Amino acid sequence: MPFEPDTRYARSTLRPAPKDLPKDLASIIEYRKSGLSLNHIVGCPLECAYCVRHLFDNYGMKRPHLIMPDDQAVAQLVHHPAFRAHQTPLQIFNRATDPLLPRVKEHLHRCLELLDDLGLTNHMLVITRWHVLEEDVARLERLKNLKVTILITWSGISDPRIEPIDSSIARASLSTLASFASRTRKILYWRPIVLGLNDTDELIAEAYSMSQLADATVFTGLFHREKIRDYLRSVNVPDLYKLVPRRKILPREVEGRILKAFGGTPIFRKTSCGVAYAHGVHDYNGHFGIKPICDICPAEQVKICAAAHKVPTQRQVLGLAREVGLEIGKIDIFSGHIVVENSTEQQRYFIQHATGFQVHDRAHPHLPGRHGRSEEGWTQ
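Quick caveat: nothing in here was measured; it's all calculated off a predicted structure.

Quick word on the overall build of the chain
Across its full length, the chain holds twelve helices and 14 strands. Each of the 380 residues in the chain was classed as buried or not, and the buried ones make up 55%. Accessible surface computed for the chain: about 16,400 Å², of which carbon and sulfur atoms make up 53%.

Listed below in structure tokens is the structure:
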């Protein structure tokens, strides 16, 4: 796809990133389940204790730094081997900073405008727990092509050792979006929900109240890792859970109370499901193939996803598998999902988004009724 640098924009006021960034952070494009993710700014002052930056040894960088100019970053994105115009879901600044921080948000708007100017209609997910102002919404509303969704992160956690951010920011941002956004979609991104920490009836009621400002609510549990637990221990936070599994933790009992409180209000277990509902399109991650995930979805959304659900051909799957270097002799195609072996997340997500069909690794099966979550809270 042709790409020309845009000279309308002034040089960034962010500091350049240091040359010795960890390799994972220096690589600015990463495939994640909710989309191909662009991250050419690193550093964040918000100090959420469970931040994934612990895994990149970057938690101590509190001031955002720029790895490369926006036009170069966007050029790398649209020329990435995994990128498909009008198809690949995209994310931006969701790994190492917050996209709505002062100065960072100017780069957010620039990148969205550069992509929009290319006529791209891809999903674009913007995840933030900072202030979304009226002028931000006005600029987002001028976009003509990208399907932009702002996911407002809120947890209700009041312990400053874990999350020092004022929870009222999320409500204010949702209220601003509700008042001024039309084309731009808005989601209450309720996470992380932790048993015994922020799952009280009062907080569930507060989430329900905030959900009335959003197009949809997505709820999820804690992404837990050894480095995150070690940091929490270092600031004298008792262990939130016993395990540090590869999947997010959200116990069955907590989910049950949340679903009961929300009744018929649109609420989704998976990010892409909430995004799809907000835009009135099918889920690009193909969760419809795993029926128990959809049992809480609005009937009209189930119909949209059912109409789009199509088992990919063997030729299509094998071609995509070859493209990402998977062993083609160890692939099975079922009515609801594809099973591969010895795969990475990046390989699976590429095939998943290219087919709109779930892709699982044989070593990590999705167990019935657990909705892709860890065993803690589901095995008793």
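Considering the pattern of salt bridges
Counted according to the given criterion, the structure contains 24 salt bridges. In this structure, aspartate 136 and lysine 105 form a salt bridge, with 3.3 Å as the shortest nitrogen-oxygen distance. One end of the pair, aspartate 136, is in helix H4 (residues 134-141); the other, lysine 105, is in helix H3 (residues 104-117), with 31 residues separating them in the sequence. With a closest N to O distance of 3.9 Å, glutamate 341 and lysine 330 form a salt bridge. Highlighted residues: glutamate 341 in the loop between strand E13 (337-340) and helix H12 (345-355) and lysine 330 in the loop between helix H11 (314-324) and strand E12 (332-333), separated in sequence by eleven residues. Owing to a relative accessible area of 22%, glutamate 341 belongs among the partly exposed residues under this scheme. Taking the relative accessible area as the measure of exposure, lysine 330 reaches 34% and is therefore partly exposed.

Considering the pairing of strand E2 (residues 29-32)
Note on strand geometry: in a regular strand, side chains alternate between the two faces of the sheet. Relative to strand E3 (residues 35-38), E2 is paired through four bridges, and the arrangement is antiparallel. Paired with tyrosine 31 across the bridge in E3 is leucine 36. Following E2, the chain reverses through two residues before pairing antiparallel with E3.

Points about the sheet that holds strand E14 (residues 358-361)
The strand order across the open sheet formed by three strands is E12-E13-E14, and the pairing between neighbours is mixed. For this open sheet the edge positions go to E12 and E14, each flanked by a neighbour on one side alone. In terms of strand pairing, E12 meets E13 through two bridges, oriented antiparallel. Bridge pairing links aspartate 332 to valine 339 in E13. Against the sheet, H12 contacts E13 and E14, and its axis sits at roughly 160° relative to E14.

A closer look at the side chain of histidine 360
Residue position: histidine 360 is located in strand E14. For histidine 360, the residues in contact, after removing those within four places along its chain, are Ile290, His337, Ile338, Val339, Val340, Arg348 and His366.

A few points about the environment of isoleucine 304
Turning to its location among the elements, isoleucine 304 is positioned in helix H10 (residues 299-308). Separated by 24 residues in sequence, isoleucine 304 and glycine 280 have C-alpha atoms that sit 7.9 Å apart. In this structure isoleucine 304 touches Gly280, Val281 and His282, once residues within four positions along its chain are discounted.

Looking at unusual backbone geometry
Each neighbour pair has its own omega, and for arginine 191 with proline 192 the value is -15°, a cis peptide bond. Position of proline 192 among the secondary structure elements: in the loop between strand E9 (185-190) and helix H6 (201-211). One non-glycine residue, phenylalanine 93, lies in the positive phi region at around 55°. Unlike most non-glycine residues, asparagine 236 shows phi in positive territory, near 65°.

A closer look at H12
When you tally the buried positions in H12, you get nine out of eleven residues, the bulk of the element. Within H12 the residues assigned to the buried category are Gln347, Arg348, Tyr349, Phe350, Ile351, Gln352, His353, Ala354 and Thr355. The secondary structure elements touched by the buried residues of H12 are E2, E3, H11, E13 and E14.

A closer look at the packing of aromatic side chains
For the coordinates displayed, the defined rule picks out five aromatic pairs. Taken together, the ring pairs connect Trp154, Trp190, Tyr208 and Phe262 into an aromatic cluster. The ring of tyrosine 59 carries the charged tip of lysine 62 above its face, separated from the ring centre by 3.8 Å. We note lysine 291 situated over the ring of phenylalanine 288; from NZ or CZ to the ring centre the distance is 4.3 Å.

Concerning the sheet that holds strand E11 (residues 267-268)
Strand-to-strand pairing in sheets goes through backbone hydrogen bonds, with the strands running parallel or antiparallel. Taken in spatial order, the eight strands of this open sheet run E2-E3-E6-E7-E8-E9-E10-E11, and their pairing is mixed. Taken across any chain shown, the strands that pair with only one partner, and hence form the sheet edges, are E2 and E11. The pairing of strand E7 (residues 123-128) with strand E8 (residues 147-154) spans six bridges and is classified as parallel. Residue leucine 125 lies in a different strand from E8, and its bridge partner there is threonine 149. Docked against the sheet, helix H2 (residues 70-78) engages E2, E3 and strand E6 (90-92), running at close to 155° with respect to E3. The strands touched by H6 are E8, E9 and strand E10 (216-219); relative to E9, the strand with the most contacts, the crossing angle is about 175°.

Cut-offs used in this document
Residues numbered from 1 in each chain as written. Predicted model: local features only at pLDDT ≥ 70, side-chain atom pairs only at ≥ 80, totals over all residues. Heavy atoms only, no water. Helix = DSSP H or I, 4+ residues; strand = E, 2+ residues; numbered from the N terminus. Buried < 20%, exposed > 50% of the residue type's maximum accessible area, 1.4 Å probe, protein only. Areas by Shrake-Rupley, 256 points an atom, 1.4 Å probe, with all protein chains shown as cover. Salt bridge = Lys/Arg side-chain N within 4 Å of Asp/Glu carboxyl O. Pairing = 2+ DSSP bridges. Contact = heavy atoms within 4.5 Å. Axes fitted to C-alpha atoms, helices over the stretch in contact; angles between N-to-C directions. Phe/Tyr/Trp six-rings, centres within 6.5 Å; stacked < 30°, edge-to-face > 60°. Lys NZ or Arg CZ within 6 Å of the ring centre and 35° of its normal.

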